[in-house]
Amino acid sequence: MQEPHSQPQFNGNELQLLRSIRSLIAAIALLALGLLAVSLLYIGERTGFISRHSDSTAADSAIAPSAFWMAPDPETIGDPVLREQILYGKELIRHTSRYLGPKGSVAQISNGLNCQNCHLDAGTRVFGNNYGSVASTYPKFRARSGGMENIYKRVNDCFERSLNGQALDTNGREMQAIYAYIKFLGTDVKPGEKAKGSGLKELAWLDRAADPTKGKAVYATKCQSCHQADGGGTLNPDGNEYTYPPLWGKNSYNDAAGLYRLSNFARYVHANMPLGATHENTLLSAEEAWDLAAYVNSQARPHKNTPNDWPDIAKKPVDHPFGPYADAFTETQHKFGPFKPILAAARKP
Ligand code: HEC
Ligand code: HEC
């Protein structure tokens, strides 16, 4: 008897064969799909549509890290006397306060900051205000003093301003060691050339004036936990060095120091603060960096008389906060900006 909708009838062996053929076809189809997927991925990657490297955006937007200057290692110096001297220089940069701070073991001539607080990793970090270009570019003319400055003079500038202290004797053991270390760092940089990534990284000017009130709010959330609400930082348990250095107050840099200019402060913190930030992985927007600079540099700090600075007032940087000026802009605008109009006016003949 035939059923109304009959299926073709197979015996046991035929059914077995049919199942095998089906699984074979399924397997071939899966394989083909797999191959297709792999080749699409391959093509995608080659053409740039697909990327498996999570860091590719960083790599695309910045120069390859290997292009930046890298400091030589003093431990590799063969001559033991020279090696000792240069390692002592490095130690003085890292732990200036232990030797030359208020409780210094050699002399008490500075405020407790370490050079390394502002020249990170003993002056070797890319865009951490490093010393990569010092040996190759000094002696040089500097408009601030209106004369030629050698490395000794430049180091003592930071002792007298950033460390609000006294100059070191040029012939003394400490200055000679710092000098030897800075010279050594520039070993591979040709005379007259700048090491890539040395000093501070440029930061775009704002269209508005930097705002201390906005800066205060950013400070509370991103800086205060280490540098403290009163800006005074915290000392280590021995009291001979800061764990978190002061940003204002009597133990901070004075108003003749480089960081007192808003552009220097903003550039330094944008690429390096809060602790853990790098120039490739910044943790502040440009606006936050400028507003922080405005806030911190509005707080009280030591004053230094500098009657001989900027003998040619036309050479003052736009953000030098003390008159007289060669233009008609106020001291307030020269301190907080907006700086673009000042720059534009200076470019006019
Ligand atoms: C509070 C921050 C701060 C501290 C601490 C500090 N410096 Fe500086 N230093 C700066 C800034 C900012 C500049 C760049 C200033 C500029 O370009 O106007 C600078 C520039 C220099 C330069 C010139 C770099 C160049 O490429 O031209 C040398 C050398 C230097 N400092 C040495 C030292 C030494 C040595 C110490 C310790 C005794 C020290 N600094 C401590 C902030 C600091
Ligand atoms: C997690 C702790 C921490 C935080 C948060 C932090 N800093 Fe720092 N800061 C440091 C340390 C530590 C140093 C010294 C680095 C060194 O010596 O290697 C430093 C150095 C500095 C310096 C140069 C030295 C000085 O005393 O003038 C400035 C300026 C600075 N920080 C500003 C800031 C600002 C602005 C913020 C907020 C955006 C910030 N920091 C957030 C730990 C911190």
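Definitions and limits used
- Residues numbered from 1 in each chain as written.
- Chains lettered and ligands numbered in written order.
- Predicted model: local features only at pLDDT ≥ 70, side-chain atom pairs only at ≥ 80, totals over all residues.
- Near = placed C-beta within 6 Å.
- Helix = DSSP H or I, 4+ residues; strand = E, 2+ residues; numbered from the N terminus.
- Nonpolar A, V, L, I, M, F, W, Y, C, P; charged D, E, K, R; others polar.
- Domains from an automatic or database assignment.
- Axes fitted to C-alpha atoms, helices over the stretch in contact; angles between N-to-C directions.
- Parallel < 35°, antiparallel > 145°, perpendicular 65-115°, else oblique.
- Left-handed = near helix turned anticlockwise from the far one by under 90°.
- Contact = placed C-beta atoms within 7 Å.
- Buried ≥ 20, exposed ≤ 12 C-beta atoms within 10 Å, placed from the backbone.
- Core = buried A, V, L, I, M, F, W, Y, C linked by C-beta atoms within 7 Å.
- pLDDT = per-residue confidence, 0-100.

A. Summary view of the site of ligand 2. Every one of the 24 residues lining ligand 2 counts as a neighbour, but Cys 223, Cys 226, Pro 245, Met 273 and Pro 274 are closest to it. At the level of secondary structure, the elements contributing two or more residues to the shell around ligand 2 comprise α5 (115–118), α11 (224–227) and α12 (262–272). Broken down by class, the residue content of the shell around ligand 2 amounts to 18 nonpolar, 5 polar and 1 charged. Split by domain, the shell around ligand 2 shows at least three residues from each of two domains, domain 1 (74–185) and domain 2 (212–347).

B. Quick look at the site of ligand 1. Near ligand 1, the surroundings consist of 23 residues, among which Cys 115, Cys 118, Cys 158, Ser 162 and Gly 258 are the closest. Elements with a minimum of two residues in the shell around ligand 1: α5 and α8 (151–160). The element contributing the most residues to the shell around ligand 1 is α8, with 4 residues. Taken together, the residues that form the shell around ligand 1 break down as 13 nonpolar, 9 polar and 1 charged. Residue contributions to the shell around ligand 1 reach at least three from each of two domains, namely domain 1 (74–185) and domain 2 (212–347).

C. The arrangement of the packing of α8 against helix α9 (residues 173–185) in detail. Direction vectors running N to C along α8 and α9 enclose 110°, while the axes themselves pass 10 Å from each other. Taken together, the axes of α8 and α9 are roughly perpendicular relative to one another. As α8 runs across α9, the sense of the crossing is right-handed. Contact residues: α8 offers Ile 151, Tyr 152 and Val 155, while α9 offers Met 175, Ile 178, Tyr 179 and Ile 182. Class assignment of the residues belonging to the contact of α8 with α9 gives a composition of 7 nonpolar, no polar and no charged.

D. Inspection of α12 at higher detail. Summarising burial for α12: 11 of the 11 residues are buried, a large majority. Looking only at α12, the buried set comprises Leu 262, Ser 263, Asn 264, Phe 265, Ala 266, Arg 267, Tyr 268, Val 269, His 270, Ala 271 and Asn 272.

E. Representation of the nonpolar core in the model. With 30 residues, the main nonpolar core has Leu 262, Phe 265, Val 269, Trp 290 and Ala 293 as its most contacted residues. Those elements giving two or more residues to this core turn out to be α12 and α13 (286–296). Considering every element that reaches this core, the biggest residue donor is α13, with 7 residues. Among the nonpolar cores identified, the runner-up in size contains 25 residues, and Ile 86, Tyr 179, Phe 184 and Leu 185 belong to it.

F. Layout of the confidence of the model for the chain. Confidence in the prediction of the chain, expressed as mean pLDDT, is 89, and 81% of residues score 70 or more. Here residues 43–61 is modelled with pLDDT under 50, and outside its nearest four sequence neighbours on either side it reaches 8 contacts, counting other chains as well.

G. Structural context of the packing of helix α3 (residues 80–94) against α9. Here α3 crosses α9 at 100°, and the two axes come no closer than 7 Å. Taken together, the axes of α3 and α9 lie roughly perpendicular to each other. Residue-level contacts link Gln 85, Ile 86, Tyr 88, Gly 89, Lys 90, Leu 92 and Ile 93 of α3 to Glu 174, Ala 177, Ile 178, Ala 180, Tyr 181 and Phe 184 of α9.

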